Amino acid sequence: MLTKLELINFRQHTSLKLEFTQGVTVIRGANECGKSTIFEAVTFALFGVEACRSNDLTTWGAPDKSHVVTLELDLNGQTYHIVRSARGAELNSGDIKITGQREVTRRCEQLLDLKPGTGTNLMFASQNSVRGTLDEGSKSIQLIEKLADFDVVDGYINTLQTNFSLGKSDHLQQLVAELETQLVNTQQQIDEFIDIDEFEATENSALDEQLQALKAQAVGKKSDIDRLTEQLEKIRGEEETRNKLKLSIANVEKNLDSIRAGLSAPVSTRPNAHLVADAESRVKFHEQLKNIRAQADIQKKLGILHLDYLSYSYYCPSHFDSKNPLIRINGTKESIQQDIGLLESNYSEYRIRKQELLLKRKNLEDQKCTNLVCPTCKREWDNADEMQKNNARISEEIVELNIELAKLDNSIVEVESEINKLKAVLRQPEFTPAINSKWVIDDDGKYPLKYKWAGGELAEVDHEVSRQLEMYEDLLEDLSAWESKQEVFKQQLVDAETQLVELTENLALVPESDTLSAELSHTLNQVRLDLNDIQHGINSVNSKKSEIPVKVEQLRKQYSELKTEENNVKDKINNFKTEIINTQINNALLKALREIKPILANTIWQQVCNTISQYFSTMRDTPSMVTKASTGFEVDGHNTKALSGSTLDVLGIAIRVALTKTFLPTCGFMLLDEPFAACDVERQMRALGFITSTGFDQIIIVTHEDTTEAVADNLITL
């Protein structure tokens with residue numbers, strides 16, 4: 001049942017909404033007001049533009065192809081909402097959604113149980129097609145035969161003749177006999193086929209025994225390799241230890257040469273350095289220095305030190321007996337002590353860092369690969385290039401460490417010298433002037449403190465004594481510095497000689513084993529070759545074992561092919577036997593179809609014509625017999641062209657209602673466009689009475705006749 005219709009820019013209607021109810025709905029209006037357009041809009045929504053008079057559907061003056069028709073209908077309690085335009089179509093119902101022009105048309109025909117293209121010839125009767133079934137003659141007969149599926153019988157006959165076997169089956173029986181002989185031969189080959197499981201078990205058992213024996217030999221060889229490798233690594237470790245000890249001894253001896261050179265260095269480079277050149281001359285030097293200081297002391301006590309000397313070099317009474325001034329540096333006694341503590345801390349850190357670098361250098365040297373070739377075959381190891389690159393990298397790191405060690409040694413010597421210098425400054429005696437002394441402090445930020453004479457001009461001094469004292473004090477300073485260095489060199493000499501003794505003793509403890517290492521390497525290589533041969537044997541056995549499944553699979557494949565061939569032959573025999581039976585059945589079926597077609601056609605035509613006659617007689621109010629002729633329908637034995645216009649109208653209605661009721665018995669509605677155009681009022685009333693009694697739930701009549709109001713349940717006036 002149609003429930004709602006909405007038109008936008010569809011022919012005469014730019015915007016129109018209609019609602020339909022059950023019963024008879026009459027759409028009435030003057031000519032050219034768009035009544036038939038409503039009928040056409042319904043068929044457009046359901047079946048597309050192919051069901052319309054033309055494809056020029058858009059309202060004149062509106063945008064091209066802007067027409068849209070929306071239709072809502074209820075079928076079997078379910079509501080369907082259809083929207084169709086020039087650009088597409090869509091059908092919605094609950095979770096169902098269908099889009100596309102052809103898809104929506106096909107779905108609508110399925111919902112209405114229509115064969116394609118028959119809707120407008122049945123329940124949708126347009127103004128020009130009410131009589132169409134009569135005017136088109138033989139085409140109406142073709143329509144009815146299409147609705148009755150007469151062509152199905154011809155299709156069955158054509159299908160049987162085209163796609164199914166018919167006729168004699170002697171050649172098939174000959175093929176069956178040949179295939180049965182082939183089947184016997186195949187079954188004989190299957191019976192004589194080898195036992196595949198027994199073959200697989202025997203082959204695996206023999207190979208497993210070989211594999212177990214080879215694996216046992218491999219275990220023994222691996223044990224020998226582990227033992228020999230452990231011995232060889234121990235010997236090589238001893239060789240490496242000896243080489244390292246020899247290198248360390250060479251380094252210590254080189255260091256000893258350097259220390260001895262330091263011990264033999266001259267005390268001073270001054271012109272009078274011969275005064276302290278050896279131990280004997282140094283003893284005389286100190287005696288002479290003592291005498292000169294005594295003379296200078298006498299000069300002071302006598303008050304004859306020259307004022308020029310006092311004004312140039314501050315006098316220090318603590319060294320009154322020396323012409324050399326004190327060793328003085330910036331700072332105070334306390335700050336110098338703090339500097340010494342800081343330097344001693346740095347000295348300790350340098351020593352610790354040196355030990356760390358020496359240990360790191362030893363570890364790097366241990367990582368070097370000394371043997372790049374096989375001692376037996378003299379061939380480079382497979383990874384010799386990688387070993388050389390690694391050695392080169394280690395050598396570079398060792399060079400960098402040696403550079404850093406050299407710098408560190410210089411830093412240690414410098415710090416040690418600075419500590420001795422500062423300690424020498426602190427060891428100098430401090431001058432404490434007597435009470436009421438003429439010496440006063442002249443503070444210049446250095447230690448020891450400087451004093452200057454405040455006692456006025458003094459008498460002339462003996463310049464020769466002063467020059468001698470100055471010369472001896474200079475030599476004394478050089479001698480003190482040399483003696484400090486000699487103490488350091490002596491301690492280093494003791495340490496180096498002790499280290500040399502320890503290294504030599506350790507070298508003596510490490511045995512020499514060059515010959516034994518070569519013999520072990522040769523033996524180890526031979527054992528590895530033996531293990532390699534055994535492994536090849538294991539791989540060969542495993543390869544043979546892996547081939548067994550392939551062989552078994554090939555045997556199973558051959559056996560399967562024989563079984564497949566057996567089954568195929570059986571299937572062919574059964575198929576040919578079935579085909580023989582089917583041929584016999586098809587022959588009988590073809591004969592039956594050819595006999596039943598005329599009977600079936602006569603029965604359906606008799607039923608259709610009887611129904612049309614009944615409906616036509618009711619609306620004509622005269623008993624009439626409608627029959628089938630070669631060119632269409634006949635009424636009471638006469639051609640329908642002899643009938644009047646109103647009679648043809650009611651005959652057309654009778655045919656459409658009869659066809660709809662016969663071939664669409666579940667259809668609940670019908671649309672008629674100007675069905676009574678040529679009828680008088682009396683015939684219109686009889687036709688309306690007939691239409692309302694046909695049992696349709698909904699009938700929509702498009703007309704301009706006033707008589708339709710008498711039966712209208714819903715009147716729509718345009």
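From a predicted model like this one, the values you see are computed outputs, not experimental measurements.

### Looking at the overall build of the chain
Alright, step 1. Scanning the chain from N- to C-terminus turns up 15 helices and 18 strands.
Alright, step 2. Relative to its 718 residues, the chain shows a buried fraction of 38%.
Alright, step 3. Element-wise, carbon and sulfur atoms account for 50% of the exposed surface of the chain, whose accessible area totals about 41200 Å².

### Considerations on a nonpolar patch on the surface
Alright, step 1. Together, I596, I599 and L600 give the surface a local cluster of nonpolar side chains, amounting to about 270 Å² of exposed area.
Alright, step 2. Along the chain, the position of I596 falls in helix α13 (residues 514-620).

### As for the sheet that holds strand β4 (residues 68-75)
Alright, step 1. Spatial ordering of the open sheet is given by β2-β1-β4-β5-β6-β7, a layout of 6 strands whose pairing is antiparallel. Edge positions in the sheet fall to β2 (13-19) and β7 (96-99), since each has one partner strand and no second. Geometrically, the sheet is characterised by an average inter-axis angle of 10° between neighbouring strands, direction not taken into account.
Alright, step 2. Where β4 and strand β5 (residues 78-85) come together, 8 bridges link them in antiparallel fashion. In the sheet register, D74 faces β5, and the bridge partner there is T79.
Alright, step 3. Each of β1 (2-10), β2, β4 and β5 is contacted by helix α1 (residues 35-47), which is oriented at about 100° to β1, the strand it contacts most.

### Digging into the sheet that holds strand β13 (residues 626-629)
Alright, step 1. Taken in spatial order, the 3 strands line up as β13-β14-β15 in an open sheet, and their pairing is antiparallel. Where the open sheet ends on each side, the last strands, each with one partner, are β13 and β15 (638-639).
Alright, step 2. The pairing of β13 with strand β14 (residues 632-635) spans 4 bridges and is antiparallel. Bridge pairing in β14 links K628 to F633.

### Considerations on the pattern of salt bridges
Alright, step 1. With the rule as written, the count across this model stands at 24 salt bridges.
Alright, step 2. Salt-bridge contacts for K570 lead to E566; the nearest nitrogen and oxygen are separated by 3.6 Å. You can see K570 and its partner E566 sitting in helix α13, 4 residues apart, about one turn around the helix.
Alright, step 3. The structure contains a network of salt bridges with shared partners spanning E240, K244, K362 and D366.

### Comments concerning the side chain of R242
Alright, step 1. Within the secondary structure, R242 sits in helix α7 (residues 196-263).
Alright, step 2. If near-sequence neighbours (up to four positions away) are discounted, R242 is found in contact with L507, V510, P511 and E512.

### Observations regarding empty space enclosed by the protein
Alright, step 1. One pass over the structure, following the stated rule, counts 2 cavities of 30 Å³ or more.
Alright, step 2. Estimated volume of the second largest cavity: approximately 30 Å³.
Alright, step 3. If you go around the second largest cavity, the residues you meet are L2, F20, I27, I38, F39, V42, L671, I700 and V702.
Alright, step 4. Among the secondary structure elements, those contributing two or more residues to the lining of the second largest cavity are α1 and β17 (698-703).
Alright, step 5. Tallied by class, the residues present in the lining of the second largest cavity amount to 9 nonpolar, no polar and no charged.

### Comments concerning the pairing of β7
Alright, step 1. Direction of pairing for strand β6 (residues 89-93) relative to β7: antiparallel, over a ladder of 4 bridges. The residue of β7 that forms the bridge with N92 is K97.
Alright, step 2. The loop that links β6 with its antiparallel partner β7 comprises 2 residues; one of these, G94, has a positive phi angle of about 65°.

### Concerning the confidence of the model for the chain
Alright, step 1. This prediction gives the chain a mean pLDDT of 82; 87% of its residues lie at or above 70.
Alright, step 2. For residues 304-323, every residue scores under 50 in pLDDT, and the model assigns this stretch 62 contacts once sequence neighbours within four places are set aside.

### Topic: helix α6 (residues 170-191)
Alright, step 1. Compared with the 32 Å implied by 1.5 Å per residue over 22 residues, the 33 Å span of α6 between its first and last C-alpha is a close match.
Alright, step 2. Those residues of α6 that fall on the buried side of the exposure criterion are L172, V176, L179, L183, T186 and I190. The arc that holds every buried residue of α6, seen down its axis, measures 85°, which confines them to one face. Structural note: α6 exposes D170, T181 and V184 on the side pointing more than 90 degrees away from its buried face.

### Things to note about the side chain of R620
Alright, step 1. Tracing the backbone shows R620 in helix α13.
Alright, step 2. For the buried residue R620, which engages in no salt bridge, the nearest side chain bearing the opposite charge is D636, 4.0 Å off.
Alright, step 3. A polar contact of 2.8 Å, which involves the side chain of R620, links it to the side chain of S624.
Alright, step 4. Each residue touching R620, except ones within four places of it in the same chain, is listed here: V635, D636, L643, T647, R683 and R686.

### A short note on the packing of aromatic side chains
Alright, step 1. Per the stated rule, a full pass over the model turns up 3 aromatic pairs.
Alright, step 2. On the numbers, 5.5 Å between centres and 40° between planes, the contact of F10 with F44 is tilted. Here F10 is found in strand β1, whereas its partner F44 is found in helix α1, with 34 residues between them in sequence. When sorted by exposure, F10 lands in the same class as F44, which is buried.
Alright, step 3. Aromatic side chains Y615 and F690 sit 4.9 Å apart centroid to centroid with 55° between the ring planes, which places their arrangement in the tilted category. Taken together, the residues span a long stretch of sequence, with Y615 in helix α13 and F690 in helix α15 (residues 681-692) at a distance of 75 residues.
Alright, step 4. Taking the relative accessible area as the measure of exposure, F690 reaches 5% and is therefore buried.
Alright, step 5. The side chain of K661 reaches across the aromatic face of F696, ending 4.3 Å from its centre.

Thresholds applied
- Residue numbers restart at each chain and count upward from 1, following the sequence in its written direction.
- Per-residue local features of the predicted model are confined to residues with pLDDT of at least 70, and side-chain atom pairs are confined, for both listing and counting, to 80 or more; whole-chain, interface and lining totals are unaffected and use all residues.
- With hydrogens and water excluded, all non-hydrogen atoms of the structure serve as input to the side-chain values.
- Helix and strand labels come from DSSP, where a helix needs a run of H or I of at least four residues and a strand needs a run of E of at least two; each type is numbered from the N terminus.
- Per-residue accessibility, obtained with a 1.4 Å probe over protein chains only, is compared with the maximum for each type, and a residue is labelled buried under 20%, exposed over 50%, and partly exposed between these values.
- Surface exposure here means Shrake-Rupley accessible area, sampled with a 1.4 Å probe, where a residue is shielded only by the protein chains that are shown.
- Patches were defined on residues exceeding 30% relative accessible area and lacking a salt bridge, with like-charge contacts within 9 Å and nonpolar side-chain contacts (Val, Leu, Ile, Met, Phe, Trp, Tyr) within 5 Å.
- Any Lys or Arg side-chain nitrogen located within 4 Å of an Asp or Glu carboxyl oxygen qualifies as a salt bridge.
- Each pair of strands is called paired provided DSSP finds at least two bridges between the two strands.
- Every angle, taken between N-to-C directions, lies between 0 and 180 degrees, and every axis is a line fitted to C-alpha atoms, over only the stretch in contact when it is a helix.
- We call two residues in contact whenever any of their non-hydrogen atoms come within 4.5 Å of each other.
- Two kinds of site are reported from a 1 Å grid over the protein atoms alone, namely cavities, where a 1.4 Å probe fits but cannot get out, and pockets, open sets with protein on both sides within 12 Å along at least five of seven lines, and residues are called lining when an atom falls within 4 Å of a point.
- Grid points are joined across faces, edges and corners, and a volume is the space filled by probe spheres set on the points.
- All residues other than Ala, Val, Leu, Ile, Met, Phe, Trp, Tyr, Cys, Pro, Asp, Glu, Lys and Arg, Gly among them, are scored as polar; the first ten of these are nonpolar and the last four charged.
- Per-residue confidence from the prediction method is given by pLDDT, with values spanning 0 to 100.
- By definition here, a helix of n residues has an expected span of 1.5 Å times n minus one.
- What the arc covers is the set of directions going from the helix axis to the C-beta atoms.
- All tallies of charge rest on Lys and Arg as positive and Asp and Glu as negative; His and the ends of each chain are not included.
- N or O atoms closer than or at 3.5 Å make up a polar contact, with two conditions inside protein: a donor-capable atom paired with an acceptor-capable one, and, for residues adjacent in sequence, both atoms drawn from side chains.
- Aromatic pairs are defined between Phe, Tyr and Trp rings, using the six-membered ring for Trp, whenever the two ring centres lie within 6.5 Å; interplanar angles under 30 degrees are classed as stacked, those over 60 as edge-to-face, and all others as tilted.
- Over a ring means this: the NZ of a Lys or the CZ of an Arg is within 6 Å of the ring centre and within 35 degrees of the ring normal.

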